[in-house]
Amino acid sequence: MTAQTDAPTVGAVRAIATPHTLATEAGRQAFADGGSAVDAAIAADAVLTVVYPHNTAIGGDLIALVARTAAADAGADGDPPTSAAPAPGAGSQTTLELVDGFGYAPRAVDPAAWGTSGRVPAFGPESITVPGTLRGWKHLHDTYGRLPWARLLEPAIACARDGYPISESLRGAIDRTAASGPEGLAFVEAMFGPDWAEAEQASNPALARTLTRLAEAGPDDFYAGAVAADVLAYLQQVRPDFAAEDLADYTVHIGEPLSTEFAGLTVNTGGAPCQGFALLRYLDELGEAAEPRGAAGADGVGGAAGSDSVGASGVGESGGGNGSSGADSIDDGALTDAALARIWTGSFAASDALRDSVLAEDTDPALLLDRSGRLGSGDPAASPTGSASPAGSAFPTGGASPADTVRPVATPPADGDTVGIAASDGEVSISLIQSLYSAFGSRCLDPHTGIVFQNRGSMFSLDPDSPQLVRGRTRPAHTLMPVIVTDPTGRPALVQATMGGKAQAQIHARLFTHLVRGGTAAEAVALPRWVTGVRHPDDTPQSVHAEEDVPAEAVAELERSSPEPVQWTAPRTDWMGHANVIDLRGETPEAASDLRADGSAWVG
């Protein structure tokens, strides 16, 4: 795996970064044909559903955050994207739109079908929810696209029909799945044939036919058309509670992002049922922990260590800042790796507890961000859903922190099987995240359509008193989270996208803080990483996994803040996330793709 970053050319405004070189090339071709950043992202995403089938599929979910900057006097719908960005300042305005293509459980689901405790099964038909990807693509294309719909699927169809090389990441997933047991081996043999162990190429002719039909008939055919009929026939074969109306009635949710201020920038991400709140909570805590510039803490952390370019990065040159207050300066000493690690485990363990116990589609985002203990106040208005709910029992009275009182129900350790795409054309920028959840999702493959279906339903609870109880037409808690950072004028400054399962918020925090302290996009995606939380079956919420080249000062803080020894993994480990970043703060974009993936970045 190698990171690839193309040097910006003079006057360049278009950029894309993805976890696979074939996807990046599809995006580049879309740009070359006059497409917008959204066209490029959809074309790339479609290719990934073919060449990265362990991480994504059209049988999965999607979320995207789109920033559009247009002239202030443009019409209500704005002008189509152009090759040149509008001039910053009073003559332009930026709008942000969150496109939530998360799927729901079928209406006829029986919550007691699999018991009354624990979670929905991690794999198999029970874990399938209605896929939201195609309707997500449709909304994005209808709103921001310039190229014909069919054009966007051409590269993916060619890959599925003619074949593609099995990448390093895919090979690892194939081998792990085959070794997981008889069901995993059966899936691998069905997907890749009897010679899967030695195969260097793969194809999916059935998926090529399905994508060709969708190119001709449009994305709605997945929900009410020939493809829908095929999908429903398979789903009803493996899980009879699916009905035609579950597909036909599906719509994406359109809304505004959840945001916080940090170092003069606004960090925008997804609200409930997305876990974006975890990133914002951490940044608020980090801002509160900032010390005056040059003041060393008890361990000597202070000064400009690890932030050589703070003057140009938005980090303050005097005084301390507070992320939650919107201050435009943050002490550079608060952004060293040691300072980040000092509050890391506690912050993200608290957020993970909320995600795994109360996060649901109707959870009040303000309560997820509130660290004062309101969830334990006994006030019905302070319950996660804004009403008197059995979930309130998870938060005793007395003002205790949710991290101290919540009793989350274990969810299956996710491999982080997701793709993240960052793209920008100077007017439109998009962070697009698409996923199956675990490796190869539910491991349910329809041989007729070639579609693999997600296992997002495994995030549902079986506890009748849980706000995460599986119910008809409800969406489960989600790990997917897009990120776009805007500057004080409201224009996009950073576009971030990553896989990483439950650790996505942590990876975003690592990326963003390095960029704020003056680092480059290429440095940010290559930095050694650590994550806390459950990654493997024997882990606890305080487990820390770190790549072997994490700086010693950060390791010392991680060991100090966790009751468990750090668990080591090799540098640039695949499951530590495939991050992609575009930095728009300079005269030309800078884009970078993660060394842990098989991707590349392009600017032109």
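Predicted, not measured: the structure shown is a model, and the values here were computed from it.

1. Comments concerning helix H18 (residues 552-561)
Of all the positions in H18, only Ala554, Val555, Glu557 and Leu558 are classed as buried. All buried residues of H18 project into a common sector of 165 degrees when viewed along the axis, lining one side. Along H18, the residues that are exposed and aim more than 90 degrees away from the buried face are Ala552 and Arg560. Elements that come into contact with the buried residues of H18 comprise helix H12 (337-342), helix H13 (344-355), strand E15 (530-532), strand E16 (544-547) and strand E17 (567-569).

2. Some remarks on the side chain of Thr449
Tracing the backbone shows Thr449 in the loop between strand E11 (444-446) and strand E12 (451-453). On the basis of relative accessibility, which here comes to 1%, the residue Thr449 falls in the buried class. If we ignore the near neighbours within four places in the chain, the residues touching Thr449 are Ala206, Leu207, Thr210 and Asp230.

3. What to know about the sheet that holds E17
Strand order in the open sheet made by the three strands is E15-E16-E17, with mixed pairing throughout. Both edges of this open sheet fall to E15 and E17, since each of them pairs with a single strand only. Taken over all neighbouring pairs, the strand axes of this sheet differ in orientation by 20 degrees on average, direction set aside. Summarising the sheet, E16 and E17 pair through three bridges and their orientation is parallel. Residue pairing in the sheet places Ala546 in a bridge with Trp568 of E17.

4. Considerations on the nonpolar core
Val50, Ile58, Trp137, Leu140, Phe192, Phe222 and Ile430 are the most contacted members of the largest nonpolar core, which has 84 residues in total. Of the residues forming this core, the biggest block, 12 residues, is contributed by helix H2 (residues 37-51). Formed by 74 residues, the second largest nonpolar core is a distinct cluster that contains Ala334, Ala509, Val516 and Trp530.

5. Side note on the side chain of Ser167
As for its position among the elements, Ser167 is in the loop between strand E4 (164-165) and helix H5 (168-178). Ignoring sequence-local partners within four residues, the contact set of Ser167 consists of His20, Tyr52 and Asp598.

6. Things to note about empty space enclosed by the protein
In this structure the tally under the stated criterion is two cavities of 30 Å³ or more. Within this model, the largest cavity holds a volume of roughly 70 Å³. Taken together, 13 residues line the largest cavity, and the ones lying closest to its centre are Thr49, Ala57, Asn204, Leu207 and Gly450. Sorting the residues of the lining of the largest cavity by element identifies H2 and E12 as the ones contributing at least two each. Of the residues contributing to the lining of the largest cavity, the split by class is nine nonpolar, four polar and no charged. Its boundaries defined by the atoms lining it, the second largest cavity holds a volume of some 40 Å³. Forming the boundary of the second largest cavity are Asp352, Lys502, Ala503, Gln506, Val531, Thr532, Gly533, Val534 and Arg535.

7. Let's talk about the confidence of the model for the protein
The pLDDT averaged across the protein works out to 85; a share of 81% of its residues lies at or above 70. A low-confidence stretch, residues 291-327 (pLDDT under 50), is modelled with 93 contacts involving residues beyond four sequence positions or located in other chains.

8. Here we look at the pairing of E16
Neither face of E16 is exposed, since Val544 and Ala546 on one face and His545 and Glu547 on the opposite face are all buried. Bridging between E15 and E16 involves three bridges; their strand directions are antiparallel. Across the sheet, the residue bridging to Val531 is His545, located in E16. Considered for its hand, the β-α-β crossover made up of E16, H18 and E17 is right-handed.

9. Here we look at the pattern of salt bridges
Counted under the stated rule, the structure contains 27 salt bridges. Among the salt bridges present, the one from Asp220 reaches Arg135, with a minimum N-O distance of 2.8 Å. You can see Asp220 sitting in the loop between helix H7 (205-217) and helix H8 (226-238) and its partner Arg135 sitting in helix H3 (residues 133-144), a full 85 residues away along the chain. A salt bridge links Glu557 to Arg560; the shortest N-O distance between them is 3.0 Å. Taken together, the residues span about one helical turn, with Glu557 and Arg560 both in helix H18 at a distance of three residues. Looking at Glu557, the relative accessible area reads 4%, which means it is buried. Members of the salt-bridge network, linked through shared partners, are Arg529, Glu547, Asp549, Arg572, Asp594 and Arg596.

10. Details of the pairing of strand E9 (residues 417-424)
Among the eight residues of E9, eight are classified as buried, and the element is accordingly described as predominantly covered. Here E9 shows a buried face lined by Asp417, Val419, Ile421 and Ala423 and a second buried face lined by Thr418, Gly420, Ala422 and Ser424. Relative to E9, strand E1 (residues 15-18) runs antiparallel, the two being bridged by three bridges. Looking at the pairing, Ala15 lines up with Ser424 of E9.

Definitions and cut-offs
Residues numbered from 1 in each chain as written. Predicted model: local features only at pLDDT ≥ 70, side-chain atom pairs only at ≥ 80, totals over all residues. Heavy atoms only, no water. Buried < 20%, exposed > 50% of the residue type's maximum accessible area, 1.4 Å probe, protein only. Helix = DSSP H or I, 4+ residues; strand = E, 2+ residues; numbered from the N terminus. Arc of directions from axis to C-beta. Contact = heavy atoms within 4.5 Å. Pairing = 2+ DSSP bridges. Axes fitted to C-alpha atoms, helices over the stretch in contact; angles between N-to-C directions. Core = buried A, V, L, I, M, F, W, Y, C linked by side-chain atoms within 4.5 Å. 1 Å grid on protein atoms, 1.4 Å probe; cavity = no way out; pocket = protein on both sides within 12 Å on 5 of 7 lines; lining within 4 Å. Points joined across faces, edges and corners; volume = space filled by probe spheres on them. Nonpolar A, V, L, I, M, F, W, Y, C, P; charged D, E, K, R; others polar. pLDDT = per-residue confidence, 0-100. Right-handed = clockwise from strand over helix to strand, strands pointing away. Salt bridge = Lys/Arg side-chain N within 4 Å of Asp/Glu carboxyl O.

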